[in-house]
Amino acid sequence: MHPTLLLAKSQPLALNYWKAQLEEAGYTVLPFCKKASDWLSVIRQTKPYLLFIEATFANNTGLELVRQTRLLHPATRCVVCVPALPAYYLKAIEVDASGYLPDNIGDPAEVLHCFEQVGQGYRYISPIFSAVLPLPPSRNKKRSMRYLTVIGRYCALSPRDIRPGRLVSN
(Lines give C-alpha, C1' and ligand atoms only; values in the text may rest on other atoms or scores of the structure.)
Protein backbone atom coordinates (compact mmCIF):
# COMPACT_ATOMS: atom_id res chain seq x y z
CA MET A 1 0.00 0.00 0.00
CA HIS A 2 1.30 3.42 -0.96
CA PRO A 3 1.17 6.39 1.41
CA THR A 4 -1.57 8.99 1.64
CA LEU A 5 -1.98 11.55 -1.09
CA LEU A 6 -3.77 14.90 -1.17
CA LEU A 7 -5.14 15.62 -4.65
CA ALA A 8 -5.96 19.12 -5.95
CA LYS A 9 -7.47 19.37 -9.41
CA SER A 10 -9.67 22.20 -10.65
CA GLN A 11 -11.82 20.16 -13.03
CA PRO A 12 -14.17 17.59 -11.42
CA LEU A 13 -13.64 15.14 -14.31
CA ALA A 14 -9.86 15.33 -13.91
CA LEU A 15 -10.23 14.96 -10.15
CA ASN A 16 -12.35 11.83 -10.49
CA TYR A 17 -10.04 10.38 -13.17
CA TRP A 18 -6.89 10.84 -11.08
CA LYS A 19 -8.56 9.70 -7.88
CA ALA A 20 -9.56 6.43 -9.59
CA GLN A 21 -6.13 5.97 -11.23
CA LEU A 22 -4.22 6.60 -8.02
CA GLU A 23 -6.44 4.43 -5.84
CA GLU A 24 -6.08 1.62 -8.40
CA ALA A 25 -2.29 2.04 -8.08
CA GLY A 26 -2.60 1.63 -4.30
CA TYR A 27 -2.54 5.22 -3.05
CA THR A 28 -4.90 6.39 -0.31
CA VAL A 29 -6.44 9.59 -1.67
CA LEU A 30 -7.67 11.97 1.02
CA PRO A 31 -10.99 13.84 0.68
CA PHE A 32 -11.02 16.76 -1.70
CA CYS A 33 -11.16 20.36 -0.42
CA LYS A 34 -12.04 23.45 -2.43
CA LYS A 35 -10.72 26.25 -0.20
CA ALA A 36 -7.07 26.90 0.63
CA SER A 37 -7.86 27.21 4.34
CA ASP A 38 -9.44 23.72 4.27
CA TRP A 39 -6.34 22.32 2.55
CA LEU A 40 -4.05 23.72 5.17
CA SER A 41 -6.26 22.30 7.91
CA VAL A 42 -6.19 18.83 6.27
CA ILE A 43 -2.41 19.05 5.92
CA ARG A 44 -2.04 19.93 9.61
CA GLN A 45 -4.30 17.05 10.67
CA THR A 46 -3.29 14.24 8.29
CA LYS A 47 0.32 15.12 7.41
CA PRO A 48 0.02 13.51 3.95
CA TYR A 49 3.06 12.00 2.32
CA LEU A 50 2.31 13.50 -1.10
CA LEU A 51 0.50 16.55 -2.47
CA PHE A 52 -0.49 16.36 -6.17
CA ILE A 53 -1.68 19.82 -7.20
CA GLU A 54 -2.18 22.06 -10.23
CA ALA A 55 -0.36 25.41 -10.25
CA THR A 56 -3.61 26.97 -11.50
CA PHE A 57 -5.72 25.36 -8.75
CA ALA A 58 -8.24 27.63 -6.94
CA ASN A 59 -7.65 30.83 -8.92
CA ASN A 60 -3.91 30.25 -9.36
CA THR A 61 -3.22 29.62 -5.66
CA GLY A 62 -1.75 26.14 -6.21
CA LEU A 63 1.86 27.30 -5.96
CA GLU A 64 1.10 29.23 -2.80
CA LEU A 65 -0.44 26.08 -1.31
CA VAL A 66 2.74 24.19 -2.18
CA ARG A 67 4.83 26.87 -0.46
CA GLN A 68 2.64 26.81 2.65
CA THR A 69 2.61 23.00 2.70
CA ARG A 70 6.42 22.98 2.66
CA LEU A 71 6.39 25.35 5.65
CA LEU A 72 3.70 23.47 7.64
CA HIS A 73 4.90 19.95 6.95
CA PRO A 74 8.33 19.79 5.28
CA ALA A 75 8.16 15.99 4.97
CA THR A 76 5.23 16.22 2.52
CA ARG A 77 6.43 15.75 -1.04
CA CYS A 78 4.78 18.16 -3.46
CA VAL A 79 4.21 17.35 -7.14
CA VAL A 80 2.89 20.29 -9.11
CA CYS A 81 1.26 20.31 -12.55
CA VAL A 82 2.48 23.40 -14.40
CA PRO A 83 1.58 24.90 -17.78
CA ALA A 84 4.56 24.48 -20.13
CA LEU A 85 5.30 28.20 -20.10
CA PRO A 86 8.57 29.65 -18.78
CA ALA A 87 6.84 32.12 -16.44
CA TYR A 88 4.83 29.40 -14.66
CA TYR A 89 7.73 26.99 -14.59
CA LEU A 90 10.09 29.55 -13.02
CA LYS A 91 7.49 30.37 -10.35
CA ALA A 92 7.06 26.65 -9.66
CA ILE A 93 10.82 26.22 -9.19
CA GLU A 94 10.77 29.01 -6.60
CA VAL A 95 8.43 27.02 -4.33
CA ASP A 96 10.86 24.07 -4.48
CA ALA A 97 8.44 21.27 -5.29
CA SER A 98 9.65 17.70 -5.50
CA GLY A 99 8.13 16.99 -8.91
CA TYR A 100 7.07 18.99 -11.94
CA LEU A 101 4.53 17.60 -14.43
CA PRO A 102 2.76 19.30 -17.35
CA ASP A 103 -0.67 20.76 -16.75
CA ASN A 104 -3.50 18.54 -18.02
CA ILE A 105 -1.27 15.45 -17.98
CA GLY A 106 -3.18 12.35 -18.96
CA ASP A 107 -0.45 9.72 -18.74
CA PRO A 108 -0.81 7.68 -15.53
CA ALA A 109 2.52 5.95 -16.22
CA GLU A 110 4.45 9.25 -16.10
CA VAL A 111 2.60 10.39 -12.97
CA LEU A 112 3.32 7.11 -11.18
CA HIS A 113 6.96 7.24 -12.35
CA CYS A 114 7.18 10.79 -10.96
CA PHE A 115 5.71 9.65 -7.62
CA GLU A 116 8.17 6.75 -7.49
CA GLN A 117 11.15 9.05 -8.16
CA VAL A 118 9.94 11.60 -5.61
CA GLY A 119 9.36 8.82 -3.08
CA GLN A 120 12.99 7.75 -3.50
CA GLY A 121 14.16 11.27 -2.70
CA TYR A 122 14.79 12.46 -6.25
CA ARG A 123 13.41 15.55 -7.94
CA TYR A 124 11.36 14.71 -11.05
CA ILE A 125 11.07 17.11 -13.96
CA SER A 126 8.91 16.01 -16.88
CA PRO A 127 10.78 15.82 -20.19
CA ILE A 128 8.28 18.28 -21.68
CA PHE A 129 9.94 21.06 -19.67
CA SER A 130 13.30 20.62 -21.41
CA ALA A 131 12.10 23.15 -23.98
CA VAL A 132 11.47 25.81 -21.32
CA LEU A 133 14.43 25.23 -18.98
CA PRO A 134 16.40 28.46 -19.08
CA LEU A 135 20.12 28.45 -18.50
CA PRO A 136 21.45 31.34 -16.45
CA PRO A 137 22.75 34.24 -18.53
CA SER A 138 26.49 34.40 -18.95
CA ARG A 139 28.97 36.76 -20.49
CA ASN A 140 31.29 33.85 -21.11
CA LYS A 141 29.82 31.35 -23.58
CA LYS A 142 32.22 28.58 -22.53
CA ARG A 143 31.02 26.57 -19.55
CA SER A 144 33.22 24.51 -17.31
CA MET A 145 32.70 20.76 -17.37
CA ARG A 146 31.79 20.93 -13.66
CA TYR A 147 29.03 23.49 -14.40
CA LEU A 148 27.67 21.35 -17.25
CA THR A 149 27.72 18.26 -15.04
CA VAL A 150 25.75 19.98 -12.25
CA ILE A 151 23.17 21.39 -14.69
CA GLY A 152 23.00 18.01 -16.43
CA ARG A 153 22.34 16.19 -13.16
CA TYR A 154 19.67 18.71 -12.20
CA CYS A 155 17.98 18.23 -15.57
CA ALA A 156 18.45 14.43 -15.43
CA LEU A 157 20.61 14.33 -18.56
CA SER A 158 22.97 11.52 -19.37
CA PRO A 159 26.76 12.11 -19.37
CA ARG A 160 26.69 11.91 -23.19
CA ASP A 161 24.24 14.84 -23.29
CA ILE A 162 26.28 17.15 -21.07
CA ARG A 163 29.37 17.44 -23.24
CA PRO A 164 30.04 21.06 -24.21
CA GLY A 165 27.78 22.06 -27.06
CA ARG A 166 25.30 19.24 -26.37
CA LEU A 167 23.38 20.86 -23.51
CA VAL A 168 20.87 22.27 -25.97
CA SER A 169 17.80 20.09 -26.53
CA ASN A 170 17.91 17.96 -29.67
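These numbers were taken from a predicted model, which means no experiment stands behind them. (Residues numbered from 1 in each chain as written. Predicted model: local features only at pLDDT ≥ 70, side-chain atom pairs only at ≥ 80, totals over all residues. Heavy atoms only, no water.)

**Here we look at the packing of helix H1 (residues 12-24) against helix H6 (residues 108-119)**
Here's step 1: Their axes nearest at 11 Å, the elements H1 and H6 cross at an angle of 60°. By the angle class used here, H1 and H6 are oblique. Here the hand of the crossing between H1 and H6 comes out right-handed. Along its contact with H1, which presents Tyr-17, Trp-18, Gln-21 and Leu-22, the element H6 presents Pro-108, Val-111, Leu-112 and Phe-115.
Here's step 2: For the contact of H1 with H6, the per-class residue count stands at 7 nonpolar, 1 polar and no charged. (Axes fitted to C-alpha atoms, helices over the stretch in contact; angles between N-to-C directions. Helix = DSSP H or I, 4+ residues; strand = E, 2+ residues; numbered from the N terminus. Parallel < 35°, antiparallel > 145°, perpendicular 65-115°, else oblique. Left-handed = near helix turned anticlockwise from the far one by under 90°. Contact = heavy atoms within 4.5 Å. Nonpolar A, V, L, I, M, F, W, Y, C, P; charged D, E, K, R; others polar.)

**Structural notes on the nonpolar core**
Here's step 1: Core analysis: the largest hydrophobic core is formed by 25 residues, its most contacted members being Leu-6, Trp-39, Leu-51, Ile-53, Val-66, Val-80 and Tyr-100.
Here's step 2: The biggest single contributor to this core is helix H2 (residues 36-46), with 4 residues.
Here's step 3: When neighbours within four sequence positions are excluded, Val-66 is seen to be in contact with Leu-51, Ile-53, Cys-78, Val-95 and Ala-97.
Here's step 4: Grouped together as the second largest cluster of nonpolar side chains are 18 residues, Leu-15, Leu-50, Ile-105 and Phe-115 included. (Core = buried A, V, L, I, M, F, W, Y, C linked by side-chain atoms within 4.5 Å. Buried < 20%, exposed > 50% of the residue type's maximum accessible area, 1.4 Å probe, protein only.)

**Remarks on the sheet that holds strand E4 (residues 77-82)**
Here's step 1: The strand order across the open sheet built from 6 strands is E2-E1-E3-E4-E5-E6, with neighbouring strands paired in parallel fashion. Across the chains shown, the open sheet's two edge strands, defined by having one partner strand only, are strand E2 (28-29) and strand E6 (124-125).
Here's step 2: Direction of pairing for strand E1 (residues 4-8) relative to E2: parallel, over a ladder of 2 bridges. By the bridge assignment for E2, Thr-4 is matched with Thr-28. (Pairing = 2+ DSSP bridges.)

**Here's the deal with the packing of aromatic side chains**
Both the distance between ring centres and the angle between the ring planes are used here to describe each pair of aromatic rings.
Here's step 1: Tallying each qualifying case throughout the model produces 5 aromatic pairs.
Here's step 2: Centroid distance Trp-18 to Phe-52: 5.8 Å. Interplanar angle 90°. Geometry classified as edge-to-face. With Trp-18 in helix H1 and Phe-52 in strand E3 (residues 50-54), this pair connects stretches of sequence that are 34 residues apart. You'll find Trp-18 and Phe-52 in the same group, each marked buried.
Here's step 3: With a centroid separation of 5.5 Å and an interplanar angle of 75°, the aromatic rings of Tyr-27 and Phe-115 are classed as edge-to-face. On the criterion of sequence distance, the pair formed by Tyr-27 in the loop between H1 and E2 and Phe-115 in helix H6 is long-range, its members being 88 residues apart.
Here's step 4: The exposure class assigned to Tyr-27 is buried, which follows from its relative accessible area of 8%. (Phe/Tyr/Trp six-rings, centres within 6.5 Å; stacked < 30°, edge-to-face > 60°.)

**Notes on the side chain of His-73**
Here's step 1: Here His-73 shows up in the loop between helix H4 (62-72) and E4.
Here's step 2: Not counting residues within four places of it along the chain, the set of residues in contact with His-73 comprises Ile-43, Lys-47 and Pro-48.

**Observations regarding the pairing of E3**
Here's step 1: In terms of burial, E3 is largely enclosed, as 5 of its 5 residues are buried.
Here's step 2: Of the two faces of E3, both are covered, the one formed by Leu-50, Phe-52 and Glu-54 as well as the one formed by Leu-51 and Ile-53.
Here's step 3: In this structure, E1 lies alongside E3, joined through 4 bridges in parallel fashion. Directly across from Leu-6, in E3, lies its bridge partner Leu-51.

**Remarks on unusual backbone geometry**
Here's step 1: Its identity is not glycine, yet Lys-47 carries a phi of approximately 45°, on the positive side.
Here's step 2: Structurally, Lys-47 is set in the loop between H2 and E3.
Here's step 3: In the Ramachandran plot, Asn-104 falls in the positive-phi region, its phi being about 60° despite a non-glycine side chain.
Here's step 4: With respect to the secondary-structure elements, Asn-104 resides in the loop between strand E5 (99-102) and H6.
Here's step 5: Residue Asn-104 is classed as exposed on the basis of its relative accessible area, which comes to 66%.

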